[in-house]
Structure formats: C-alpha cells, structure tokens
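# An overview of the molecular structure
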Amino acid sequence: MKDRIIGTIRRINGPVITAEGISNAIMMELVHAGESRLVGEVIKLRGDRAIIQVYEDTTGVKPGEPIYGSGLPLSVELGPGLIGNIYDGIQRPLVQIKERSGVFIGRGDELPGLDRDKIWHFIPTMQIGESIEPGLILGTVKESERIEHQVLVPPDVQGILSRIVGEGDYTIVEEIASVTTATGERELTFMQRWPIRRPRPVSRRRVVDEPLITGQRVIDSLFPIGKGGTVAIPGGFGTGKTMTQHAVAKWSDADIIVYIGCGERGNEMTDVLTEFPELIDPRTGLSLMERTILIANTSNMPVSAREASIYTGVTLAEFYRDQGYDVAIMADSTSRWAEALRELSGRMEEMPAEEGFPAYLPTRIAEFYERAGSMETLSGKRGSVTIIGAVSPPGGDFSEPVTQHTKRFVRAFWALDRQLANARHYPAISWLESYSEYLPDIIGWWHEHGGDSWEKDRQKIMDLLNREVRLQQVVKLVGPDALPDSQRFVIEVCTLFKNAFLQQDAFNDVDRYSTVEKQLAMLRLILTYWDRGSEAIKGGVTLIKLRRLKVLAEIVRMKSVITDDQVDRIDLLQVRLERSIEKLESVYA
Ligand SMILES: Nc1ncnc2c1ncn2[C@@H]1O[C@H](COP(=O)(O)OP(=O)(O)OP(=O)(O)O)[C@@H](O)[C@H]1O
Ligand SMILES: [Mg+2]
C-alpha cells in the first residue's frame with residue numbers, strides 16, 4: 001500500500017490516538033499509526049487534529065511517531081473466498097494469520113481478507129459490447145459446494161463491456177473484464193472493495209413476505225421473523241442467547257450465515273469452529289461451513305475491532321444479498337458492541353448520556369438494523385439480509401438503554417425469561433413478553449405452504465396461554481380445587497403445549513430441528529386435545545379421566561421420537577387421541 005505521512009501522534013489513550021499536524025486526511029480514512037503501523041481509522045477531524053481509532057493494542061506506541069494515510073476509507077474485500085472463512089472485526093483472516101505468526105494476531109499484521117493465489121473457475125454470462133450497469137452479473141464462480149458466486153459489477157462502474165475473458169480458471173486479482181466508461185477504461189477482477197460503514201446500494205426495498213424458517217418451534221409457530229427482518233434476543237446471563245443464535249445459524253433456511261461473535265467468550269467461538277464443519281445442513285446434505293462466514297472478536301481482542309465487526313459483517317452480508325441470496329446475520333452480543341462504543345467514546349472524552357453510553361448510541365443501533373431488508377438488487381434479483389441481534393442487559397434488566405433502544409428498531413423480540421431458564425425450559429423464550437410484527441406479512445406464505453390453519457391455530461394457543469396466566473393467579477390464591485374442570489383443563493393443555501411443543505432440546509438429534517409440516521401437525525394435535533377434551537368435559541367426562549389417557553405420554557414424546565419424514569405418525573396419534581376421547585364419552589353417555 002502506498003502510504004504517505006499525514007501527521008504525527010500527539011497522545012495515546014488506549015485504542016484512541018490523537019494526532020496533530022494533519023493534512024490531507026479524510027473522515028473514516030484507513031490509516032497506519034506509528035512505526036509499528038497499527039491499523040486505525042480516522043473518526044474525527046478538527047483543524048489539523050485527528051482522532052484515530054486503532055484496531056490493535058497500542059502499548060509501546062510513542063508521541064511523535066508518524067501517521068500514515070491510505071487515502072481510502074476502512075473497507076472490506078469482497079469476492080469469492082469469503083464463505084467458510086473466519087475473520088476478525090476488520091476482516092483479517094484469523095486462521096492464516098495464526099499459521100503465519102503462530103500467535104493469534106501479531107500487531108501491524110496485515111494479511112488480505114481474500115486469498116490472492118486461490119484459483120476459481122469462471123463462467124462468463126455477459127458479452128463484449130453489452131452495456132454495463134452497477135450490480136450487473138458478469139458471470140459465475142462456484143464458490144462452495146452450495147454457493148454459486150455471482151461476479152458483480154462494482155457499484156461505481158458504468159459503460160460498455162470492451163473485454164471479457166472466456167470460461168476458465170482465474171485468481172481474484174487477475175483481470176477478467178474491462179469496461180469503457182465515461183472517464184476511461186476500468187479493469188475488473190473478481191474482487192471489489194466496499195467501505196464498511198456505508199450501506200451498499202440496491203434498486204429498491206421490497207416488503208418482507210416470507211418467513212425465515214428456523215426449525216425452532218416457538219419461533220416459527222409463535223414469533224416468526226421474515227427474511228429481511230430484524231429481531232432482538234434479549235436475555236440475562238446464561239438464559240440461552242448464544243444457544244438460540246447457534247440454532248438459527250445451524251438450521252434456518254437462509255442461504256448464507258454471517259456469524260459475528262462480538263465480545264463474547266473465546267470458547268463460544270471455538271464451539272462454532274469445531275461444531276459447524278461437522279454439522280450437516282438438513283436441506284442440502286452439505287457441511288454448514290459451506291454457507292457460513294465467521295467474524296470473531298472475542299472479549300480478549302481489541303475493543304475497536306469489536307466496534308467495527310458488526311459493520312464488516314453486515315457489509316459481507318449485503319454483498320451476497322446483491323447476488324440474490326437470503327443472508328442471515330447473528331450478532332452475539334450487541335451489548336458488548338455498545339460497550340465498545342462506550343469505552344471509545346469515554347476515551348475521546350465525549351459527553352456521556354444514559355449510563356455512560358454516548359448520545360449517538362440509538363442512532364448507531366438504528367443504522368445497523370436499517371441495513372436489514374428484503375431488497376430488489378441492482379440486477380433485478382431479490383435478496384435479503386436478516387439481522388438477529390443478541391442483547392445482554394446487565395442483571396437481566398430490560399429497561400437499560402441498549403435493550404430499550406434496540407426494541408425501537410426491531411420488529412420482532414424473542415425475550416428470554418430467567419424463570420424459564422432456571423426451570424430448564426429451553427429455549428427460554430417467553431411467550432408472554434415476546435412478539436413479532438411479521439405475522440401479517442408472512443401469512444400468505446403459510447397459505448401457500450399447506451399452513452391454512454396456522455394463523456387460527458396460533459391465535460387459539462396464544463389465547464389459551466394468556467388465559468392460563470390469569471388462572472394460575474387464581475390457583476395461587478385459592479388452590480387448584482376451586483376451579484371447575486373446564487378451567488383446570490386450560491392449565492392442563494398449556495402444560496402439555498409447553499412440554500410437548502415449546503420446549504425444544506438443542507442437544508437431541510431429532511428434536512433440535514422441526515420442519516413446518518411437523519410443527520403444524522404437532523400444534524393441530526395439541527389443539528385437538530383442547531377442542532375434543534373441552535367437549536368431553538362438557539359431556540361429563542372428568543379431568544382425571546382425560547389426564548390418564550395413555551396416548552398423552554406419546555404426545556409428549558413425539559418431538560424427539562417422530563422424525564421429520566414421519567409426520568403421518570402424528571396424524572395417527574391424532575386419530576388415537578380422538579378415539580380414546582370418544583371411548584371416555586361413551587362411558588358417560
Ligand atoms: N435449546 C436449548 N436446549 C438445551 N439446552 C439449552 C438450550 N438453550 C439453552 N440451553 C442451556 O443453557 C445454557 C446457557 O445457554 P447460552 O450459553 O446460550 O446462554 P447465554 O444467554 O448466551 O449466556 P451468556 O450470558 O453467558 O452469554 C447452555 O449451556 C445450555 O445448557
Ligand atoms: Mg452467550
């Protein structure tokens with residue numbers, strides 16, 4: 001990189017450096033600080049002073065050392081080779097760096113995000129003479145077993161295609177095409193750069209109209225999220241945020257997963273690294289790493305790279321969205337990201353707002369979630385970015401600023417409940433506090449996919465769950481015996497629903513994932529128990545008799561016994577349930 005000196009270091013405060021004598025710097029410019037050339041970014045410019053956020057440990061850097069400018073904003077490299085990779089918050093490839101230096105990351109270490117030597121097989125789809133617009137597809141490269149990489153025209157290139165290579169093998173730095181533009185020839189490669197803090201352009205925003213199917217019953221059936229939607233998972237310490245994120249990363253029907261481990265413990269990322277390559281995607285039969293990009297900025301890595309990591313993640317996601325893919329991002333945890341923001345702001349001596357967070361915290365949170373969406377791409381395809389952010393409120397108190405602001409900007413909320421987690425009811429997603437605003441958007445999809453009964457059934461079970469809360473209060477006051485059987489049956493059905501449906505064991509091979517067909521059948525079955533059982537009670541059957549039905553034990557076990565391709569066994573259970581209730585009724589008739 002052609003670095004030029006743009007100023008000198010005046011003061012060092014952890015990851016924040018004040019520089020003076022600055023000339024020729026631009027906002028958000030990527031710079032290298034000091035003799036050891038630590039990677040940094042200009043985040044404030046005033047007169048001849050600049051404030052630089054440094055992405056590495058600044059120990060030993062001294063005042064008077066130079067600042068080198070790059071003339072470019074902090075950007076990521078985009079092209080084939082991202083999938084299956086593991087990066088830090090500013091896209092340094094962690095595995096390669098570890099191989100090279102033996103330690104985790106040496107300071108001033110700079111390895112490019114994309115492998116320069118790897119060869120990709122390119123199949124061109126455009127021809128010489130065609131007019132070139134930003135975002136059009138020049139051809140394809142098989143990036144992984146699963147991903148057909150669409151080689152995109154960068155967003156700033158327009159003109160006539162004057163040259164394109166034939167089908168063959170190329171690296172990401174070889175010229176594959178040339179475009180005659182108004183300002184001259186532009187050579188294109190598989191690779192382009194994009195500044196992480198700026199959203200990539202699209203043709204237009206579409207309405208979200210399809211659910212992201214996660215295989216998690218409480219999510220898909222009760223609090224669904226749309227492809228291109230936003231959701232927060234707030235939860236106190238150890239309530240299951242990471243497990244929920246992992247479940248969605250593993251089993252959801254997104255084409256690509258960008259998993260950002262943001263300030264969490266290193267061992268959680270290690271879990272992902274060891275587990276994902278071995279797990280098989282149930283839809284394609286391929287390893288999950290064939291669709292996953294990991295960004296790791298664990299708690300022991302520099303805070304400023306943590307601050308950048310979510311932008312790096314969302315930019316990579318947008319790049320695949322622009323190729324027409326459905327991408328889902330998990331950020332675990334956005335609270336640690338907000339803490340990084342707070343620390344940096346403190347070191348810059350900015351005026352703190354609520355709980356020491358900077359006043360721009362809500363704007364930053366909003367800007368992040370706004371990058372989600374279902375979009376029409378520049379080439380006319382549809383693609384989406386779904387954002388799933390974990391929030392870890394201190395003490396599990398949802399009234400703190402990060403949770404509260406996040407709630408304003410997301411349209412779904414999977415609230416983790418301490419009491420449920422303590423009772424080992426997993427996932428501990430509260431059915432009372434959680435919500436999803438995507439119901440009306442995705443109802444059409446359910447109708448098209450055999451789920452005509454979904455909306456009605458969902459409402460019915462939600463009503464029962466809400467009735468149960470009030471009944472439980474009565475029970476607390478006067479004991480269960482004061483309630484008539486018809487009301488105790490509400491509690492009975494809800495207990496069955498919680499055990500047989502809502503609880504889902506991530507460690508059980510069958511239970512960890514349920515297709516929508518299985519979810520629909522399970523819900524239908526439990527509601528049949530409610531409908532037919534209520535009728536039977538009206539007809540004089542006692543609750544005790546109902547409760548003793550042998551088939552109930554099998555209903556509780558169906559989630560982990562009946563596999564996804566045996567949904568007809570749930571229908572058989574339903575027939576047996578109806579027959580046994582009929583039998584009870586005949587005794588009373
Ligand atoms: N769906 C699930 N199935 C089985 N066990 C679960 C499930 N969800 C959570 N658990 C249990 O809860 C524990 C804590 O979950 P997890 O690590 O996801 O919590 P967390 O909210 O991310 O915690 P932290 O605040 O420490 O980041 C897990 O180790 C696991 O034992
Ligand atoms: Mg966690």
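These lines cover the structure that appears in this document, whether it is placed above or below. (Residues numbered from 1 in each chain as written. Chains lettered and ligands numbered in written order. Predicted model: local features only at pLDDT ≥ 70, side-chain atom pairs only at ≥ 80, totals over all residues. Heavy atoms only, no water.)

### Observations concerning the site of ligand 1
Ligand 1 sits among 17 residues. The nearest are G238, G240, K241, T242 and M243. Separating an oxygen atom of ligand 1 from a backbone N or O atom of G240 is a distance of 2.9 Å. A distance of 3.2 Å is found between a nitrogen atom of ligand 1 and a backbone nitrogen or oxygen belonging to Q504. Taken by itself ligand 1 offers 640 Å² of open surface, and the protein chains cover 81% of this. Of all the cavities here, the one that holds ligand 1 is the largest pocket. Tallied by class, residues from the shell around ligand 1 come to six nonpolar, six polar and five charged. When residues of the shell around ligand 1 are assigned to domains, at least three fall in each of domain 2 (204-437) and domain 3 (454-588). (Near = heavy atom within 4 Å. Polar contact = N/O pair within 3.5 Å; in protein donor to acceptor, adjacent residues only side chain to side chain. Areas by Shrake-Rupley, 256 points an atom, 1.4 Å probe, with all protein chains shown as cover. 1 Å grid on protein atoms, 1.4 Å probe; cavity = no way out; pocket = protein on both sides within 12 Å on 5 of 7 lines; lining within 4 Å. Sits in = over half its atoms within 2 Å of the grid points. Nonpolar A, V, L, I, M, F, W, Y, C, P; charged D, E, K, R; others polar. Domains from an automatic or database assignment.)

### Brief notes about the nonpolar core
Ranked by size, the top nonpolar core spans 82 residues in total, and within it W414 and I555 carry the most contacts. A domain-level breakdown of this core finds at least three residues from each of domain 2 (204-437) and domain 3 (454-588). When residues no more than four places from it in sequence are discounted, the contact partners of I555 are L496, A500, L525, I526, L573 and L577. The next biggest cluster of nonpolar side chains, apart from the first, holds 73 residues, and it includes L138, I164, V258 and V410. (Core = buried A, V, L, I, M, F, W, Y, C linked by side-chain atoms within 4.5 Å. Buried < 20%, exposed > 50% of the residue type's maximum accessible area, 1.4 Å probe, protein only. Contact = heavy atoms within 4.5 Å.)

### Regarding the layout of surface pockets
One number sums up the size of the largest pocket: a volume of about 1,000 Å³. What lines the largest pocket is a set of 42 residues, among which G240, K241, T242, M243 and T244 lie closest to the centre. Elements with a contribution of two residues or more to the lining of the largest pocket: α3 (241-251) and α4 (266-275). The residue inventory of the lining of the largest pocket, partitioned by class, reads 15 nonpolar, 13 polar and 14 charged. The two domains that each donate at least three residues to the lining of the largest pocket are domain 2 (204-437) and domain 3 (454-588). (Points joined across faces, edges and corners; volume = space filled by probe spheres on them. Helix = DSSP H or I, 4+ residues; strand = E, 2+ residues; numbered from the N terminus.)

### A look at the pairing of strand β9 (residues 120-124)
Here three bridges tie β9 to strand β14 (residues 168-170), and the two strands are oriented antiparallel to one another. Within the sheet, the bridge partner assigned to H121 lies in β14 and is D169. In this structure, β9 lies alongside strand β11 (residues 137-142), joined through three bridges in antiparallel fashion. Residue pairing across strands places I123 opposite T140, the latter belonging to β11. (Pairing = 2+ DSSP bridges.)

### Structural notes on empty space enclosed by the protein
What the rule picks out here adds up to two cavities of 30 Å³ or more. The space that makes up the largest cavity amounts to roughly 70 Å³. As for the largest cavity, its lining consists of G135, L152, V153, P155, R200, P201, D322, T377, L378 and S379. Of the residues assigned to the lining of the largest cavity, the class counts are five nonpolar, three polar and two charged. For the second largest cavity, the calculated volume is near 30 Å³. Lining the second largest cavity, in full, are T242, H246, Y259, G261, E264, R265, E268, M269 and D332. Mapped by element, the contributors of at least two residues to the lining of the second largest cavity are α3, β20 (256-262) and α4. Looking at the lining of the second largest cavity residue by residue, the class counts come to two nonpolar, three polar and four charged.

### Regarding the packing of helix α15 (residues 551-561) against helix α16 (residues 567-588)
Where α15 meets α16, the closest approach of the two axes is 10 Å, and the angle between their N-to-C directions is 170 degrees. Taken as axis vectors, α15 and α16 run roughly antiparallel relative to one another. The segment α15 lies against α16, with V551, E554, I555, M558 and V561 engaging R569, I570, L573, R576, L577 and S580. Across the contact of α15 with α16, the residue classes tally to seven nonpolar, one polar and three charged. (Axes fitted to C-alpha atoms, helices over the stretch in contact; angles between N-to-C directions. Parallel < 35°, antiparallel > 145°, perpendicular 65-115°, else oblique.)

### Digging into unusual backbone geometry
In this structure, S333 follows D332 across a cis peptide bond, with omega equal to 5 degrees. Mapping S333 onto the fold places it in the loop between β22 (326-332) and α6 (334-347). For the bond from Y426 to P427, the omega torsion is -10 degrees, close enough to zero to count as cis. With respect to the helices and strands, the residue P427 is situated in the loop between α9 (418-422) and β26 (435-436). Here the phi dihedral of Q91 falls at roughly 65 degrees; this positive angle occurs in a residue that is not glycine. Relative to the helices and strands, Q91 is located in the loop between β8 (86-87) and α1 (94-101).

### Let's talk about a nonpolar patch on the surface
Together, V474, L477 and V478 give the surface a local cluster of nonpolar side chains, amounting to about 300 Å² of exposed area. Examined against the element boundaries, V478 turns out to sit in helix α11 (residues 454-478). Looking at V478, the relative accessible area reads 53%, which means it is exposed. (Patch = residues over 30% accessible without salt bridge, like charges linked within 9 Å, V, L, I, M, F, W, Y side chains within 5 Å. Salt bridge = Lys/Arg side-chain N within 4 Å of Asp/Glu carboxyl O.)

### Let's talk about the side chain of Q192
Structurally, the position occupied by Q192 is in strand β17 (residues 192-195). Looking at Q192, the relative accessible area reads 7%, which means it is buried. At 3.2 Å, the side chain of Q192 and the side chain of R200 are in polar contact. Ignoring any residue separated from it by four or fewer positions in sequence, one finds Q192 in contact with V76, E77, L78, L152, V153, P154, P155, R200 and F319.

### A look at the sheet that holds strand β2 (residues 16-20)
Backbone-to-backbone hydrogen bonds join strands into a sheet, with any given pair of strands oriented parallel or antiparallel. What the six strands build is a closed barrel, ordered β1-β2-β5-β4-β3-β6; its pairing is antiparallel. Each strand of the sheet is rotated relative to its neighbour by a mean of 45 degrees, with strand direction disregarded. As defined by bridge partners, strand β3 (residues 29-33) adjoins strand β6 (residues 66-73) across four bridges and the pair is classed as antiparallel. By the bridge assignment, H32 is partnered in β6 with Y68.

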